[in-house]
Structure formats: C-alpha cells, structure tokens
Amino acid sequence: KNEVEQSPQNLTAQEGEFITINCSYSVGISALHWLQQHPGGGIVSLFMLSSGKKKHGRLIATINIQEKHSSLHITASHPRDSAVYICAVRSGGGNKLTFGTGTQLKVEL
Amino acid sequence: GAVVSQHPSWVICKSGTSVKIECRSLDFQATTMFWYRQFPKQSLMLMATSNEGSKATYEQGVEKDKFLINHASLTLSTLTVTSAHPEDSSFYICSALSGINQPQHFGDGTRLSIL
C-alpha cells in the first residue's frame with residue numbers, strides 16, 4: 001500500500017463544475033503539498049499546508065491531520081484547469097517529499 | 001517569485017553520449033535541490049538530493065557514477081547522465097528549496113530521448 005493515496009485517478013468534468021480531489025496518507029507529516037503538472041511536464045506548487053484550509057483564487061485546499069486526509073477543490077472549473085494534480089507529503093525531519101500517483105483531470109467545454 | 005529554470009527542455013542524442021541538465025534558481029538562493037525522474041503515467045521518483053558545496057545524497061538504486069550531480073553554487077545544480085543508453089530515456093525534473101519548511105519550486109523538466 002502506498003504511503004500516499006489519491007482518488008480518483010482520472011476525472012472528467014464539464015466546465016463550471018465543482019471538483020474535489022482527495023488525498024489520504026498513512027504517515028505522520030510535517031506538511032502536505034498540492035502540485036499541478038501541466039501536459040508539458042512542468043510542475044507548479046499550488047499549496048503547502050499543515051493544518052486547516054487555504055484558498056487561492058478558485059482553488060481551495062483543506063487538511064484534517066487527525067484523519068490523515070486532504071482535499072483539493074476547484075470551483076467553477078475551466079478547461080485550462082486540465083492537468084495532473086499531485087498530492088505530496090513531507091514527513092520526518094527532512095525535506096523529502098513522498099508523492100501520490102496523481103489525478104488526471106480533464107475539464108470539457 | 002521563486003522561479004526555477006531548467007535547461008534544456010528536451011534533448012535527443014545518440015547512445016553513449018553524456019548529457020548535462022542544468023537547474024537554476026533565478027530569484028532565490030537554494031541550499032537544497034532535488035532531482036527527480038518520471039516515467040509516463042507514473043509519479044515522480046526522487047533520484048538524489050543536492051546540497052550546495054557537498055556531495056549529493058542518492059536514493060537507493062540510483063547509480064551515482066551514472067547520474068553525476070554537482071551543486072557548485074547556491075543557484076545552480078547540474079545532473080549529468082553519463083554514457084546514456086536508451087533505458088535512460090525519461091523525463092527529468094528538478095526542484096529547489098528556498099528555505100527550511102518552504103515549498104519546493106519545480107523546473108519545467110527535461111525530456112531526454114536516447115536513440
């Protein structure tokens with residue numbers, strides 16, 4: 001079993017829909033990251049959080065430390081949101097990240 | 001802010017040649033950089049952690065003589081794939097840390113194809 005599990009693996013949505021991507025992890029963490037990987041391969045760091053909730057534009061990330069679970073929400077989704085969304089956790093005392101397998105999101109017109 | 005530039009973005013070369021990939025932090029100093037490899041439809045796999053002025057720490061199973069890492073300054077780390085073979089073809093991506101407990105900032109990656 002992977003230390004970081006994401007669901008769903010693939011998601012197709014219609015423009016405007018509210019999207020939720022889930023991440024569960026099995027280890028104690030110091031921080032959780034949500035990353036966006038574009039079709040060309042480049043990766044953008046969306047959020048780093050260790051508790052509570054963060055919001056940036058149409059993106060919202062929440063984390064429940066007790067339940068070892070985080071969610072990434074996209075409101076009013078748009079085709080330009082189509083990408084792979086990756087959950088990664090930092091555990092232990094170092095800076096290494098353990099990655100989930102990613103969620104391939106496709107938003108259609 | 002926090003821009004990481006990776007070069008080249010793609011490279012095609014013959015088997016047996018060595019390929020150098022550069023990772024630069026453009027607007028911050030990065031004491032630590034990471035090198036990852038990614039196969040199609042798979043997650044990132046950490047190859048090594050690069051610390052400025054010291055030897056890189058390689059993950060288990062990664063050949064240090066095959067993948068040479070140099071972190072000569074606070075803004076530049078290089079990965080050299082030596083005597084590359086077709087099985088080295090992959091997507092390589094770097095990231096840099098601007099400080100403790102800060103997010104990693106990623107480059108745009110390098111797509112390497114060995115013929």
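1. Points about the overall build of chain B
Summing up its helical and strand segments, chain B has zero helices and eleven strands in all. Taken from N to C terminus, the helices and strands of chain B fall in the order β-β-β-β-β-β-β-β-β-β-β. Against the 2.2 N^0.38 benchmark of 13 Å for 115 residues, chain B shows a C-alpha radius of gyration of 13 Å, consistent with a compact globule. Evaluated residue by residue, chain B yields a buried proportion of 51% over its 115 residues. Put simply, chain B shows about 5,800 Å² of open surface, and 52% of that area lies on carbon and sulfur atoms. Here chain B holds 9 positive side-chain charges and 9 negative ones, and the gap between their average locations is 5 Å.

2. A closer look at the environment of B:K20
All names here are of chain B. Note that K20 resides in strand β3 (residues 19-25). On a C-alpha basis, the gap between K20 and A56 in space is 16 Å, while along the polypeptide they are 36 residues apart. What K20 contacts, discounting residues up to four positions off in sequence, is H7, P8, T78, L79 and T80.

3. Thoughts on the layout of surface pockets
There is about 560 Å³ of room inside the largest pocket. What lines the largest pocket is a set of 25 residues, among which A:V84, A:Q104, B:Q38, B:K41 and B:Q42 lie closest to the centre. At the level of secondary structure, the elements contributing two or more residues to the lining of the largest pocket comprise β9 (83-90) and β11 (103-108) of chain A together with β9 (90-97) of chain B. Across the lining of the largest pocket, the residue classes break down as eight nonpolar, 15 polar and two charged.

4. Observations concerning the sheet that holds strand β8 (residues 76-81) of chain B
All names here are of chain B. Across the sheet, which stays open at both edges, the four strands sit in the order β1-β3-β8-β7 with antiparallel pairing between neighbours. Looking along the sheet, the strands with just one partner apiece sit at the ends: β1 (4-7) and β7 (67-73). Strand-to-strand twist in this sheet, taken as the mean axis angle between neighbours without regard to direction, amounts to 15 degrees.

5. Side note on the pattern of salt bridges
In the structure shown here, the tally under the stated rule is five salt bridges over all chains. Residue A:K106 pairs with A:E108 through a salt bridge whose shortest N-O separation is 3.8 Å. Given the relative accessible area of 47%, A:K106 is considered partly exposed. Across the pair B:R24 and B:E22 runs a salt bridge whose closest N-O atoms are separated by 3.4 Å. With relative accessibility at 34%, the residue B:R24 sits in the partly exposed group.

6. Topic: the packing of aromatic side chains
Enumeration over the complete set of coordinates arrives at four aromatic pairs over all chains. Centre to centre, the rings of B:F67 and B:Y92 are 6.3 Å apart; their planes meet at 45 degrees, and the pair counts as tilted. Here the residue B:F67 occupies a position in strand β7, and B:Y92 occupies one in strand β9, the gap between them amounting to 25 residues. B:F67 gets classed as buried once you look at its relative accessible area, which sits at 6%. Classification of B:Y92 by relative accessible area gives buried; the value is 0%. One aromatic cluster in this structure is built from A:F99, B:F34, B:Y36 and B:F106.

7. Comments concerning the side chain of B:T110
Residues and elements named next belong to chain B. Checked against the element boundaries, T110 lands in strand β11 (residues 110-114). Within the local environment of T110, its side chain forms a polar contact with the backbone oxygen of P8, the two atoms lying 2.5 Å apart. Discounting residues that sit within four places of it in the chain, T110 has contacts with Q6, H7, P8, S9, V11, I21, S90, F91 and Y92.

8. Section: the nonpolar core
Membership of the largest hydrophobic core comes to 25 residues, with the highest contact counts inside it found for B:W35, B:Y58, B:F67, B:I69, B:L79, B:Y92 and B:L112. Other than its neighbours up to four places away in sequence, B:L79 contacts B:V19, B:K20, B:I21, B:W35, B:F67, B:L68, B:I69 and B:Y92. Listed in part, the 23 residues of the second largest apolar core include A:A13, A:V27, A:L32 and A:V89.

What counts, and at which threshold
- Along each chain, residue indices are assigned from 1 in the same order as the chain's sequence is written.
- Ligands are numbered from 1 and chains lettered from A, in the order in which they are written.
- Per-residue local features are limited, in this predicted model, to residues with pLDDT of at least 70; the limit for side-chain atom pairs, both in listing and counting, is 80 or more; totals at the level of whole chains, interfaces and linings are taken over all residues.
- Only hydrogens and water are removed before side-chain values are computed, so all heavy atoms of the structure are retained for them.
- Helix and strand assignments follow DSSP, with helices taken as H or I runs no shorter than four residues and strands as E runs no shorter than two, numbered in order from the N terminus.
- Throughout, the radius of gyration refers to the C-alpha atoms, and the reference size of a globule is 2.2 Å times the residue count to the power 0.38.
- The buried label goes to any residue with under 20% of its type's maximum accessible area, the exposed label to any with over 50%, and the partly exposed label to all in between, with areas taken from a 1.4 Å probe on protein chains only.
- For the area figures, the Shrake-Rupley method with a 1.4 Å probe applies, and any residue is considered shielded solely by the protein chains shown.
- Under the counting rule used here, the positive set is Lys and Arg, the negative set is Asp and Glu, and His together with the chain ends is not counted.
- Charged groups are reduced to one reference atom each: NZ for lysine, CZ for arginine, CG for aspartic acid, CD for glutamic acid.
- It only takes one pair of heavy atoms within 4.5 Å for two residues to be counted as in contact.
- Grid spacing is 1 Å over the protein atoms alone, the probe is 1.4 Å, and a cavity is where that probe fits but cannot get out, while a pocket is an open set with protein on both sides within 12 Å along at least five of seven lines and lining residues have an atom within 4 Å of a point.
- Grid points are joined across faces, edges and corners, and a volume is the space filled by probe spheres set on the points.
- Note on residue categories: nonpolar means Ala, Val, Leu, Ile, Met, Phe, Trp, Tyr, Cys or Pro, charged means Asp, Glu, Lys or Arg, and polar means any other residue, Gly included.
- When DSSP locates at least two bridges between a pair of strands, those strands are taken to pair.
- Think of each axis as a best-fit line through the C-alpha atoms, taken over the contacting stretch in the case of a helix, with angles from 0 to 180 degrees between the N-to-C directions.
- Throughout this description, the term salt bridge denotes a Lys or Arg side-chain nitrogen within 4 Å of a carboxyl oxygen of Asp or Glu.
- Only the six-membered ring of Trp is used, alongside the rings of Phe and Tyr, when aromatic pairs are assigned; centres must lie within 6.5 Å, and planes under 30 degrees apart are stacked while those over 60 apart are edge-to-face, with the rest tilted.
- Here a polar contact means two N or O atoms within 3.5 Å. Within protein one must be a hydrogen donor candidate and the other an acceptor candidate, and residues neighboring in sequence count only if both atoms are side-chain atoms.
- What makes a nonpolar core is a set of buried Ala, Val, Leu, Ile, Met, Phe, Trp, Tyr and Cys residues whose side-chain atoms join them at distances within 4.5 Å.

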